Amino acid sequence: MLWYKSWMETRWVFLIGLLVASCVAASVVLVWPKVMGLLPLAATIDPNGKLGQEIRESAAQVADYRSYIVSQWFAKNLRQIASLFGILLGSGGLLSQAAGGAALFTLSMPVSRKKLLATRATAGLAELGVLTVGASLMIPLFSPSVGKSYGAGETLLNSMALWIAASVFFSLTFFLSTVFTDIWRPLLIALGVAIGVSIVRPFLHIAPGYMVFDATSSGSAYAGDLPWRGLLVRVALSAALLYGAVINIQRRDF
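This structure is a prediction, so every number in the text was calculated from the model and none was measured.

Here the structure, examined in full by the defined rule, presents six aromatic pairs. On the numbers, 5.2 Å between centres and 50 degrees between planes, the contact of W32 with Y68 is tilted. Here Y68 lies in helix α4 (residues 65–90) and W32 lies in helix α2 (residues 32–42), a separation of 36 residues in the sequence. A centroid spacing of 6.5 Å and a plane angle of 35 degrees characterise the contact between Y65 and Y68, whose relative ring orientation is tilted. Of this pair, Y65 and Y68 both sit in helix α4, three residues apart, which is roughly one turn of the helix. In this structure, Y65 and Y68 share a single accessibility class: buried. Grouping aromatic residues by their ring pairs yields a cluster made of W32, Y65 and Y68.

Pasting the structure below:
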């Protein structure tokens, strides 16, 4: 009953996210030939100016198929999509339901508040994982259509690392949903944090692998050498936020 209820509350966000992410992943692969056709133009640009240097650097990142997939899908599109839908999946909860009166039915169930939140969090994280990994599998699936290949094992490793990173945003929104009684403030605050981190990230000089909100803080992750320290930090932070959400709900008087 609890699992079904959690699914009903989040199914459309999950399905839309999976569809959007899968379409974007497929399009990243399918535009590869056009990108290769534009690369010769980058060599004719004056490298002395700042814009010319940036164009040259961007061209170098997509010089081969593997680096193209890493830079355009894992380091950019998937990171943004997973973070956004992690925030959307983490929103809502008992407090927003209480504001509309729907929480009375939920609280009348013969289960503890801890189990209610644990089921909701587990279901949301599972949906985020399926979204992240499922969409990424479009890369090895569509790669033969452009005469290339991309390993399924590397795809799974990279997408799982990004799922762990995006789970921090899910957990942050989930926690904020136990602080505020409306659905909008948790969403806006979490989005603000995501945007703020993306802005300041290039200016932060910290040890590789420790960037909490950045799923691509270690380029070696894409060579199969995952940034385990950073991943452990993200898992610990997500667990702390989810634990804080449980404490908030247990103390709340509905």
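This part covers the packing of helix α1 (residues 2–30) against helix α7 (residues 113–136). Direction vectors running N to C along α1 and α7 enclose 20 degrees, while the axes themselves pass 9 Å from each other. Regarding the angle of α1 to α7, the classification is roughly parallel. Judged by the sense of rotation from one axis to the other, the crossing of α1 with α7 is right-handed. Across the interface between the two elements, L2, W3, S6, W7, E9, T10, F14, G17, L18, A21, S22 and A25 of α1 pack against K115, L116, T119, R120, T122, A123, E127, V130, L131, G134 and A135 of α7.

Thresholds applied
Residues numbered from 1 in each chain as written. Predicted model: local features only at pLDDT ≥ 70, side-chain atom pairs only at ≥ 80, totals over all residues. Heavy atoms only, no water. Phe/Tyr/Trp six-rings, centres within 6.5 Å; stacked < 30°, edge-to-face > 60°. Helix = DSSP H or I, 4+ residues; strand = E, 2+ residues; numbered from the N terminus. Buried < 20%, exposed > 50% of the residue type's maximum accessible area, 1.4 Å probe, protein only. Axes fitted to C-alpha atoms, helices over the stretch in contact; angles between N-to-C directions. Parallel < 35°, antiparallel > 145°, perpendicular 65-115°, else oblique. Left-handed = near helix turned anticlockwise from the far one by under 90°. Contact = heavy atoms within 4.5 Å.

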